[in-house]
Amino acid sequence: MKLLKDKVAKLSFVALLAASSAAMLYTPTAAAHGEKSQAAFMRMRTIHWFDLNWSKEEVKVNDTMTVTGKFLVFAGWPETVDKPDIAFLNVGIPGPVFIRAGSWIGGQLVPRSVSLELGETYEFKVLLKARRPGDWHVHSMMNVKGGGPIIGPGKWTTITGSMKDFVNPVTTLTGETINLETYNLENTYFWHTLWYAIGLAWLAYWVRKPMFIPRSIAVESGKANTLITNTDRQVGIGFIVGTIALVAMTMVSTNEKYPVTTPLQAGLLRGMKPYEMPARTVTVKVEDATYRVPGRAMQMTLKVTNNGDSAVRLGEFNTASVRFLDPAVLEDTTGYPDDLLAEEGLTVSDNSPLKPGQTRTIQVTASDAAWEVYRLADLIYDPDSRFAGLLFFFDENGKRQMITVDAPLIPVFI
Amino acid sequence: MSASQSAVRSRAEAVKVSRTFDWMILFTLFFVVLGGYHIHYMLTGGDWDFWTDWKDRRLWVTVAPIVSITFPAAVQACLWYRYRLPYGAVVCILGLLLGEWVNRYLNFWGWTYFPVNFVFPSQLIPGAIALDVIMMLGGSMTLTAVAGGMAWGLLFYPGNWPVMAPLHVPVEYNGMMMTLADLQGYHYVRTGTPEYIRMVEKGTLRTFGKDVAPVSAFFSGFVSIIIYFLWHFFGRWFASTAFVDGENV
Ligand SMILES: [Cu+2]
């Protein structure tokens, strides 16, 4: 007897543990720090983010900031990743610390998924309204169906104030202004509590009488039919009729209270307007490219031809959101995140202006700890060891043009 | 008289022990069901139950009842045939909803700060009461499967409507129309749940104009009937007893 009791008690405890862990463990993905663990080739050969700008570094609760920039949908998109026929412009933040008040691609609002074309550049903007105080890493992000999240550069942003003060006013088409942060909350609690109480009442009706052992004995001795009394039946009828009546009545009263409702809106947005990049007058051929593991440096031999009418210099190499600059040509004034910016990371064997009509072969070295920190060097262990990136050339008037490179990469271990 | 033959010495004591068992078994049942059912429901109903912008007129209405009738059917089988206790469905739903609410409140809101008005669970009590009462009144598995399963599917959408309707009020947002539920999904950023994985308003029920919810509910009721049979037999099998020798207990 005691043994049995112990067993039941033990079982109950195990059940409690199982139940609570099931209930407690699941949390929707909120962290945004997968950026470094994502395969290097994914970051180098899918979406190239550039011209990123975070409008503020510190923002008060209820105030807004924007993340703007451009992205190139790389023409040499890897075979192993689904093409961005269905993609969603997201923002990589740890859960709703900001709300996304708006997001646009080429001026079009994109609350839903979009279709993107390989080889095109798009301009984007995300408007964020601060909700929860703290220091947050704010990334641009593109989710690609079948490809997963492609995370862009992140910058630390501080939200100050108190979440208690956060409001989210929205005006409906029925002319009402509501606070979406708390809207419908009391109504939800009310109905859930009411129905839970009705369910409990049904359970309580049965629990007040002796249950398992005597009823089991009765069933086994063939007296099952005596176990449900007439009162039980009447109470049951009361419950079912009451339930159906309550559901029907509340359905009618709800429709009276909310005469205008529409179905959820869904569907793919097509025809995103690409951004017109300045015409390319420079051509670049990658002769070879090596990555020196000990020196954390990538070296490329490039054959550059200037077909334009103004002399050009190479100012920047951008890959996987890491920017290598030649300070003699370009300095960053946008407040780009430090860890992704190698201000003097680009060395060019001869970076004197390349005159119109000229061709020159140059050695370009991009070196920075970021190769390691952002695990881009892992590229050499990828099945398809290619690198890709953006080269930015500047002419005499400071006009910029963007050239993409995509070539095999040979690692050098000694 | 020797007391060594029995663990209880009087009728009063027997009643007391029996009552203690009642509470222990109910407690265990409640939490075992809560744990198992909760995991099952999260894996099968998942996002449809988590987010208001998944609670549409087609797929939510169809999927949620079908995947949730499982445990109620199985537990009913056990409680009714062995004890003639007609609360199997309700006890399951009470367990499930408690688990869901703990999860939504502590994790979705407390840990990741999604507003509760965006992540509350679906209401399932009305259907559970119908299942239990039909089982009690008819005493028949077939009747419960057919009438109860259908009621389960049909009561789901209207049972949730008082909570959902306010979120289906339309807004104009930067030149696009959406419902407040869509707007919640847009505003409260989910990094791991991009918009395209949302399965809403898809399907072939286009010939019914705007009255798709009742059609979906009927369809859901039909499938619920089949799932009820299936899980009812799981429950029967699970509740069958193979007696072991007294000494081994
Ligand atoms: Cu980050």
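Residues numbered from 1 in each chain as written. Chains lettered and ligands numbered in written order. Predicted model: local features only at pLDDT ≥ 70, side-chain atom pairs only at ≥ 80, totals over all residues. Heavy atoms only, no water.

(A) Quick peek at the pattern of salt bridges. Tallied over the entire structure, the rule returns 16 salt bridges over all chains. Across the pair A:E181 and A:R131 runs a salt bridge, and its minimum N-O distance is 2.9 Å. Of this pair, A:E181 sits in the loop between strand 11 (177-179) and helix 3 (185-207) while A:R131 sits in the loop between strand 7 (121-130) and strand 8 (134-144), and the two are 50 residues apart along the sequence. Take A:E181: its relative accessible area is 10%, and that puts it in the buried class. Residues B:R190 and B:D53 are paired through a salt bridge, measuring 2.7 Å at the closest nitrogen-oxygen approach. Taken together, the positions of B:R190 in the loop between helix 9 (180-187) and helix 10 (212-239) and B:D53 in the loop between helix 2 (46-50) and helix 3 (59-68) put the pair 137 residues apart, joining distant regions of the chain. Like B:R190, the residue B:D53 is buried in the burial classification. The network of salt bridges with common partners includes A:D51, A:K70 and A:R400. (Salt bridge = Lys/Arg side-chain N within 4 Å of Asp/Glu carboxyl O. Helix = DSSP H or I, 4+ residues; strand = E, 2+ residues; numbered from the N terminus. Buried < 20%, exposed > 50% of the residue type's maximum accessible area, 1.4 Å probe, protein only.)

(B) Highlighting the sheet that holds strand 8 of chain A. All names here are of chain A. Judged by pairing direction, the sheet is mixed, and its four strands sit side by side in the order 2-9-8-4 without closing on themselves. Bordering the open sheet on either side are strand 2 (58-60) and strand 4 (87-92), each of which pairs with just one other strand. The mean angle between the axes of side-by-side strands here comes to 35°, regardless of whether they run parallel or antiparallel. Here three bridges tie strand 2 to strand 9 (residues 148-160), and the two strands are oriented parallel to one another. The residue of strand 9 that forms the bridge with E58 is T158. (Pairing = 2+ DSSP bridges. Axes fitted to C-alpha atoms, helices over the stretch in contact; angles between N-to-C directions.)

(C) Structural view of a nonpolar patch on the surface. On the surface, A:Y189, B:Y105 and B:L106 cluster together into a nonpolar patch covering about 270 Å² of accessible area. On the secondary structure map, B:Y105 appears in helix 5 (residues 88-109). Look at B:Y105 and you get partly exposed, because its relative accessible area is 41%. (Patch = residues over 30% accessible without salt bridge, like charges linked within 9 Å, V, L, I, M, F, W, Y side chains within 5 Å. Areas by Shrake-Rupley, 256 points an atom, 1.4 Å probe, with all protein chains shown as cover.)

(D) Structural context of the side chain of B:H168. Looking at the element boundaries, B:H168 is found in the loop between helix 8 (141-164) and strand 1 (170-173). B:H168 gets classed as buried once you look at its relative accessible area, which sits at 3%. Once you skip the residues sitting within four places of it in the chain, B:H168 turns out to touch A:V260, A:T261, A:T262, A:P263, A:L264, B:K55, B:W161 and B:T179. (Contact = heavy atoms within 4.5 Å.)

(E) Summary view of the side chain of B:T112. Residues and elements named next belong to chain B. Mapping T112 onto the fold places it in the loop between helix 5 and helix 6 (116-119). T112 gets classed as buried once you look at its relative accessible area, which sits at 6%. For T112, the side chain forms a polar contact with the main-chain oxygen of N107, separated by 2.9 Å. (Polar contact = N/O pair within 3.5 Å; in protein donor to acceptor, adjacent residues only side chain to side chain.)

(F) Structural detail: a negative patch on the surface. Residues and elements named next belong to chain A. On the surface, D82, D85, E117, E120 and E276 cluster together into a negatively charged patch. Relative to the helices and strands, E120 is located in the loop between strand 6 (108-109) and strand 7. The partly exposed category is assigned to E120, whose relative accessible area is 30%. (Lys, Arg positive; Asp, Glu negative; His and termini not counted. Charge placed at Lys NZ, Arg CZ, Asp CG, Glu CD.)

(G) Structural view of the environment of A:A370. All names here are of chain A. Tracing the backbone through its elements, the reader meets A370 in helix 6 (residues 370-373). With relative accessibility at 2%, the residue A370 sits in the buried group. Once the C-alpha coordinates of A370 and P133 are considered, the two residues, 237 residues apart in sequence, prove to be 29 Å apart. Aside from chain neighbours lying at most four places away, what touches A370 is V322, D339 and R375.

(H) Seen up close, the sheet that holds strand 15 (residues 322-325) of chain A. Sheet architecture is open: five strands sit in the order 16-15-14-19-20 (chain A), paired in mixed fashion. Each having just a single partner strand, strand 16 (341-342) and strand 20 (400-408) of chain A make up the two edges of the open sheet.

(I) Spotlight on the packing of helix 1 (residues 11-44) of chain B against helix 5 of chain B. Residues and elements named next belong to chain B. Packing of helix 1 against helix 5 leaves a shortest axis separation of 8 Å and a crossing angle of 60°. For the pair helix 1 and helix 5, the sense of crossing is right-handed. Along the contact surface, helix 1 presents L26, L29, F30, V33, L34, Y37, H38, Y41 and M42, while helix 5 presents V91, C92, I93, L94, G95, L96, L98, G99, E100 and N103. Across the contact of helix 1 with helix 5, the residue classes break down as 14 nonpolar, four polar and one charged. (Left-handed = near helix turned anticlockwise from the far one by under 90°. Nonpolar A, V, L, I, M, F, W, Y, C, P; charged D, E, K, R; others polar.)

(J) Representation of the interface of chain B and chain A within the structure. With 113 residues of chain B at the interface, the matching set in chain A holds 111 residues. Carbon and sulfur atoms make up 72% of the area that chain B and chain A hide from each other, which totals about 9900 Å². By the criterion of area lost to chain A, the three top residues of chain B are B:Y186, B:T191 and B:Y196, representing 8% of everything that side buries. One can count 37 residue pairs in polar contact (both at pLDDT 80 or more) joining chain B with chain A. Here the element with the most residues in the side of chain B that touches chain A is helix 1 of chain B; it accounts for 20 residues. Grouping the constituent residues of the side of chain B that touches chain A by class yields 75 nonpolar, 23 polar and 15 charged. (Buried area = accessible area lost by both parts, 1.4 Å probe.)

(K) View of the packing of helix 3 of chain A against helix 5 (residues 230-257) of chain A. All names here are of chain A. Viewed as axis vectors pointing N to C, helix 3 and helix 5 meet at an angle of 170°, and their least axial separation amounts to 11 Å. One element, helix 3, and the other, helix 5, form an angle in the roughly antiparallel class. Judged by residue contacts, W191, L194, W195, I198, A201, W202, Y205 and W206 of helix 3 engage T231, D232, V235, G236, F239, T243, L246, V247 and T250 from helix 5. For the contact of helix 3 with helix 5, the class distribution of residues is twelve nonpolar, four polar and one charged. (Parallel < 35°, antiparallel > 145°, perpendicular 65-115°, else oblique.)

(L) Geometry of the nonpolar core. Core analysis: the largest hydrophobic core is formed by 198 residues, its most contacted members being A:F71, A:F98, A:F317, A:F387 and B:Y87. Other than its neighbours up to four places away in sequence, A:F387 contacts A:M44, A:A289, A:M298, A:M300, A:F317, A:L379, A:V405, A:D406, A:A407, A:P408 and A:L409. (Core = buried A, V, L, I, M, F, W, Y, C linked by side-chain atoms within 4.5 Å.)

(M) Just the domain arrangement of chain A, in detail. Annotation of chain A at the domain level lists domain 1 (40-167), domain 2 (179-257) and domain 3 (282-412). Placing the centre of domain 1 of chain A and that of domain 2 of chain A at their C-alpha centroids yields a distance of 47 Å. (Domains from an automatic or database assignment.)

(N) Region of the structure containing unusual backbone geometry. Of note, A:N62 is a non-glycine position whose phi angle comes to about 85°, a positive value. For A:N62, the position within the fold is in the loop between strand 2 and strand 3 (64-73).

(O) Up close: the confidence of the model for chain B. Residues and elements named next belong to chain B. Overall, the prediction assigns chain B a mean pLDDT of 87, with 90% of residues at 70 or greater. Taken element by element, chain B is modelled with least confidence in helix 10, mean pLDDT 87, and with most confidence in helix 6, mean pLDDT 96. Model confidence for the complex: the whole-complex pTM is 0.87, and ipTM, which rates the interface, is 0.91. (pLDDT = per-residue confidence, 0-100.)

(P) Focus on helix 5 of chain A. Taking 1.5 Å per residue as the helical rise, helix 5 of chain A with its 28 residues ought to reach 40 Å, and the 40 Å between its terminal C-alpha atoms agrees with that figure. Among the residues of helix 5 of chain A, those classed as buried are A:D232, A:G236, A:F239, A:I240, A:T243, A:V247, A:T250 and A:T254. Against helix 3 of chain A together with helix 7 (125-138) and helix 8 of chain B lie the buried residues of helix 5 of chain A. (Expected span 1.5 Å × (residues − 1).)

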